[in-house]
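A look at the structure
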Amino acid sequence: MPSPLASPPTRAATPMAFVQAIVQAYARRGRDPAAALRAAQIAPRDLQQPEARVTAAQFEALNAHAMQELDDEALGWFGRRLPWGSYGMLCRASLTSPNLGVALARWCRHHRLLVDDVLLHLQVEGGSARLWIEEQRDLGAMREFCLVSCLRFVHGYASWAIDSRVSLQEASFPFAAPAHADAYPLMFGGAIRFGAREAGYRFDAAYLGLPLVRDERALRTMLRRALPLTVLQYRRDRLLGQRVRELLRTRSEASTADALAGLLHVSTRTLHRQLQAEGLSLQGLKDQVRHEQAVEQLRRTQRSVKQIALSVGFRNEKSFARAFRQWTGMAPGAFRQAQAQAQAQAQP
């Protein structure tokens, strides 16, 4: 896989409940899961320990064996099987889309051709996009595993297709927090909410405009594995700088690195590292936003320079004037006067 993808995490973080769900799929088909458990190096006795976890590599090995042995990529979630290659077909059907928005709309539409137990929906509400699942029948004991897996498949495909992590603002689930709720931030990121009306997640709608950068060759490489879209995490987010700028413009509490990191649901260290990977710095972004806001206020308001200085985050007028001169080569007052003269000359 390409460099933006990290290696599967080696620590055991996948809940045993998901392993038990796959074992249950075998039971429904009257099959023995022993070979699949051996392939994943999971001891049968571990199934009786709900608090136990397995690594991503173990879980992928278990899925690969089960999906092929049961010939069902849905592993018993739905009323009919999804034969091996079904999700690859969904990926391929969306691959020629001009951007992520079209690709996800196609994914939702084509998924309905495979099953009608659940329907996938994509909506844009203001600056956020929302992908959610409408349950058409009772999914029973497989409900959590089904909903989580469906969402992770789509999220993984979206990130892979645009070669960028799609950072989630929120992920919600229509059931009470399970005993393994601490695993959800690792699977989805962003704020996690249980007891919601339906399963889904929100993300910045700007991702929908990003072009797909994968081709058929990359797809074939990716599909050689069972779960590359769900067990591998992207290191970079191509919209991080844009999202930080927007928060700096619109959220007064986003004045420090710690506050921004909290709003973005990442660590402060990760925030700085990912911005650096984009060739950006937090201080540089702050300066850009302060510059834009100061220029706008000097042009369109009668506020004093001191008032503008404080409103854009400077401690005093002197430090603001020094920074403004570095940005524009002019003092704030001279800039305002020059703008007023230019506007007067433009009048008929």
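Residues numbered from 1 in each chain as written. Predicted model: local features only at pLDDT ≥ 70, side-chain atom pairs only at ≥ 80, totals over all residues. Heavy atoms only, no water.

1. Considerations on the pairing of strand β3 (residues 118–125)
Regular strands have side chains that alternate between both faces of the sheet. Here β3 runs beside strand β4 (residues 128–135); their pairing, made up of 8 bridges, is antiparallel. Counted as the bridge partner of L119 is E134 from β4. The turn linking β3 back onto β4 is made up of 2 residues, and G126 within it adopts a positive phi angle of 65°. (Pairing = 2+ DSSP bridges. Helix = DSSP H or I, 4+ residues; strand = E, 2+ residues; numbered from the N terminus.)

2. Quick look at the packing of helix α13 (residues 282–300) against helix α15 (residues 317–328)
Viewed as axis vectors pointing N to C, α13 and α15 meet at an angle of 95°, and their least axial separation amounts to 11 Å. By the angle between their directions, the pair α13 and α15 is classed as roughly perpendicular. Contacts from D287, R290, H291, A294, V295 and L298 in α13 reach F320, F324, W327 and T328 in α15. (Axes fitted to C-alpha atoms, helices over the stretch in contact; angles between N-to-C directions. Parallel < 35°, antiparallel > 145°, perpendicular 65-115°, else oblique. Contact = heavy atoms within 4.5 Å.)

3. So, helix α10 (residues 240–250)
Within α10, the full set of buried residues consists of L240, G241, R243, V244, L247 and L248. Taken end-on, α10 shows its buried residues confined to a sector of 165°, consistent with a single buried face. Buried residues along α10 sit in contact with β7 (200–204), α11 (257–264), α12 (268–277) and α13. (Buried < 20%, exposed > 50% of the residue type's maximum accessible area, 1.4 Å probe, protein only. Arc of directions from axis to C-beta.)

4. A few points about the environment of Q343
Counting through the fold element by element, Q343 comes out in helix α16 (residues 332–346). Judged by its relative accessible area of 42%, Q343 falls in the partly exposed class. Through-space distance from the C-alpha of Q343 to that of R251 is 31 Å; in sequence the pair is 92 residues apart.

5. Digging into the packing of aromatic side chains
Tallied over the entire structure, the rule returns 24 aromatic pairs. Residues F18 and F59 carry aromatic rings whose centres are separated by 6.5 Å and whose planes lie at 45° to one another, so their mutual orientation is tilted. Here F59 lies in helix α3 (residues 56–70) and F18 lies in helix α1 (residues 16–28), a separation of 41 residues in the sequence. The pair F18 / F59 is uniform in exposure class, with both members buried. (Phe/Tyr/Trp six-rings, centres within 6.5 Å; stacked < 30°, edge-to-face > 60°.)

6. Quick notes on the confidence of the model for the chain
The pLDDT averaged across the chain works out to 87; a share of 93% of its residues lies at or above 70. Across residues 1–9, where pLDDT falls below 50, the model places 25 contacts with residues more than four positions away in sequence or in other chains. (pLDDT = per-residue confidence, 0-100.)

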